[in-house]
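Chain by chain, the residues run as shown.
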Amino acid sequence: MEGMTLTTFALVRHGQTDWNAERRLQGATDIPLNDVGREQAREAVATLANYQWDAIVSSPLSRAAETADLIAEGLGLTVARRIPELIERSFGPAEGLQAGPELEALRIPGGFRGGESDEDAASRGMDALEQLAQEFSGQRVLVVTHGTLIRLALSRAIGRTLDSVHNAVLNLAHHHASDGWKLEYFNGELLTADVDS
C-alpha cells in the first residue's frame, strides 16, 4: 500500500546568530551561531527527544550545521549529511541590512533585487523535502535549516501563509505519498485540526 506511507519531518530553524539579534537579513551569508543560539540548540533536544529519529540532515551553512551537530549530540545521533539545497534563501544585496530605507530601496514584488524570489525559494525548499520524503520514505527525518526557507516551503506545502519561524523550536510536518503534506506543530504549538481545511 504505497499510498499509506507516512514520512515525518521535524523542520527546525537554526539557533540565534548575532545578525538575528541585530535583526539583519542573513540569507546565504554564512553567519555563525552565538552563545544564545548554541544554548537554544541544546534546549531543543528535550522536545526532539520525545520522538525517534531515523536521520538528521542540515543546511551546510555553519549556523544550521552547528545547530544540527549540537542536537545530534544531545540525541546520541550523528548528522547524515549537509544538503546544499537547504541553504537559506538568497537575499542578494539586501543581506546584512536592517529594516530601513536602504533595504526598502531593494524591495521588489516577491523578494529583493538581485536575490532569490519567494517562488524560487519555496520551490527549492519543497523539492529538497520531496526528495528526502522519497529517500527516507516511512521514516522520521530531522531537518535543520533556515527560517525563511521553512516558512516558504511549508506555506506552499499546506496552501496557507505562515508567520516567521522561531529559532530552534519544533515544526512537525507529515508527508503522505497520496495526501501530500500536513503540518502538526508550528513554532512549537500544536495546530488545531481545522487549519488545513
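Everything discussed here concerns the structure shown above.
What counts, and where the lines are drawn
Counting starts from 1 at the beginning of each chain's written sequence and moves along it residue by residue. Per-residue local features of the predicted model are confined to residues with pLDDT of at least 70, and side-chain atom pairs are confined, for both listing and counting, to 80 or more; whole-chain, interface and lining totals are unaffected and use all residues. Just so you know, side-chain values use all the structure's heavy atoms and leave hydrogens and water out. Only DSSP runs of H or I covering at least 4 residues are called helices, and only runs of E covering at least 2 are called strands; the numbering of each starts at the N terminus. Expected span, for any helix, means 1.5 Å times one less than how many residues it has. Any pair of residues with heavy atoms lying within 4.5 Å of one another is described as a contacting pair. Throughout, exposure labels follow a simple rule: accessible area from a 1.4 Å probe, protein chains only, divided by the maximum for the residue type, with under 20% read as buried, over 50% as exposed, and the rest as partly exposed. Criterion used throughout: strands pair if DSSP finds at least two bridges between them. Lines fitted to C-alpha atoms define the axes here, with helix axes fitted over just the stretch in contact, and angles between the N-to-C directions of these axes take values from 0 to 180 degrees. By nonpolar core we mean a set of buried residues, namely Ala, Val, Leu, Ile, Met, Phe, Trp, Tyr and Cys, connected to one another through side-chain atoms within 4.5 Å. Working definition: a ring pair exists when centres of Phe, Tyr or Trp rings (six-membered ring for Trp) sit within 6.5 Å. Plane angles under 30 degrees give stacked, over 60 give edge-to-face, the rest tilted. Charged-residue counts in this description rest on Lys and Arg as positive and Asp and Glu as negative, His and the chain ends being excluded. For salt bridges, the criterion is a side-chain nitrogen of Lys or Arg within 4 Å of an Asp or Glu carboxyl oxygen. Polar contact criterion, stated in full: a pair of N or O atoms within 3.5 Å, where within protein one must be able to donate a hydrogen and the other to accept it, and residues adjacent in sequence count only if both atoms are side-chain atoms.

> So what's going on with helix α3 (residues 62–75)? Residues and values would help.
A rise of 1.5 Å per residue sets the reference length of α3, with its 14 residues, at 20 Å; its end C-alpha atoms lie 20 Å apart and thus fit the reference within 8%. Of the surrounding secondary structure, the elements contacted by the buried residues of α3 are β1 (6–13), α2 (35–48), β2 (55–58), β3 (81–82) and β6 (140–145). Just downstream of α3 lies Gly 76, where phi reads positive at about 70°.

> Can you lay out unusual backbone geometry for me, pointing to particular residues and giving the numbers?
Trans is the common state for peptide bonds, and a negative phi is the common state for residues other than glycine. Look at Ala 168: it is not a glycine, yet its phi comes out positive at around 55°. Among the secondary structure elements, Ala 168 is positioned in the loop between α6 (147–158) and β7 (172–176). A residue is classified by how much of its surface remains accessible, and Ala 168, at 8% relative accessible area, is buried. The phi dihedral of Asn 187 is positive, around 50°, even though this residue is not glycine. Tracing the backbone shows Asn 187 in the loop between β8 (180–186) and β9 (189–190). On the basis of relative accessibility, which here comes to 14%, the residue Asn 187 falls in the buried class.

> Describe the sheet that holds β6, with residues and values.
Across a sheet, paired strands are connected by hydrogen bonds in the backbone, their directions being either parallel or antiparallel. With mixed pairing, the seven strands of this open sheet are ordered in space as β3-β2-β6-β1-β7-β8-β9. The open sheet has two edge strands with one neighbour each: β3 and β9. Pairing between β1 and β7: five bridges, direction antiparallel. Bridge pairing links Thr 7 to His 175 in β7. Most of the contacts of α3 go to β6, to which it runs at about 140°, and overall it touches β1, β2, β3 and β6.

> An account of the nonpolar core is needed here, citing residue identities and associated values.
Ranked by internal contacts, the top residues of the largest apolar core, which has 28 residues, are Phe 9, Leu 132, Val 143 and Leu 154. Among the elements of the structure, β1, β2, α5 (118–135), β6, α6 and β8 are those that each provide at least two residues to this core. Beyond its immediate sequence surroundings of up to four residues, Leu 154 is in contact with Leu 11, Leu 162, Asn 171, Ala 173, Leu 183 and Phe 186. Residues Ala 44, Trp 53, Ala 68 and Val 79 belong to the second largest nonpolar core, which totals 18 residues.

> Before we move on, could you go through the packing of aromatic side chains and cite the residues and values that matter?
Within the structure shown, the criterion is met by three aromatic pairs. Consider the rings of Phe 9 and Trp 181, whose centres lie 5.3 Å apart with planes at 40°: the pair is tilted. A residue pair is termed long-range when its members are at least 10 positions apart, and Phe 9 in strand β1 and Trp 181 in strand β8 qualify at 172 residues. Judged by its relative accessible area of 10%, Trp 181 is buried.

> Give a description of the environment of Ala 46 that names residues and reports values.
When you line up the elements, Ala 46 lands in helix α2. Residue classification places Ala 46 among the exposed residues on the basis of a relative accessible area of 56%. For the pair Ala 46 and Ile 108, spaced 62 residues apart in sequence, the C-alpha separation works out to 41 Å.

> Give a description of the side chain of Arg 63 that names residues and reports values.
By the secondary structure assignment, Arg 63 is in helix α3. Buried within the structure, Arg 63 lacks any salt-bridge partner; Asp 30 is the closest side chain of opposite charge, at an N-O distance of 4.8 Å. Polar contacts involving the side chain of Arg 63 include one to the main-chain carbonyl oxygen of Thr 29, which spans 2.7 Å. A polar contact is formed between the side chain of Arg 63 and the side chain of His 146, at a distance of 3.5 Å. If we skip the residues at most four places from it in the chain, Arg 63 touches His 14, Thr 17, Gln 26, Gly 27, Thr 29, Asp 30, Ile 31, Pro 32, Leu 33, Glu 88 and His 146.

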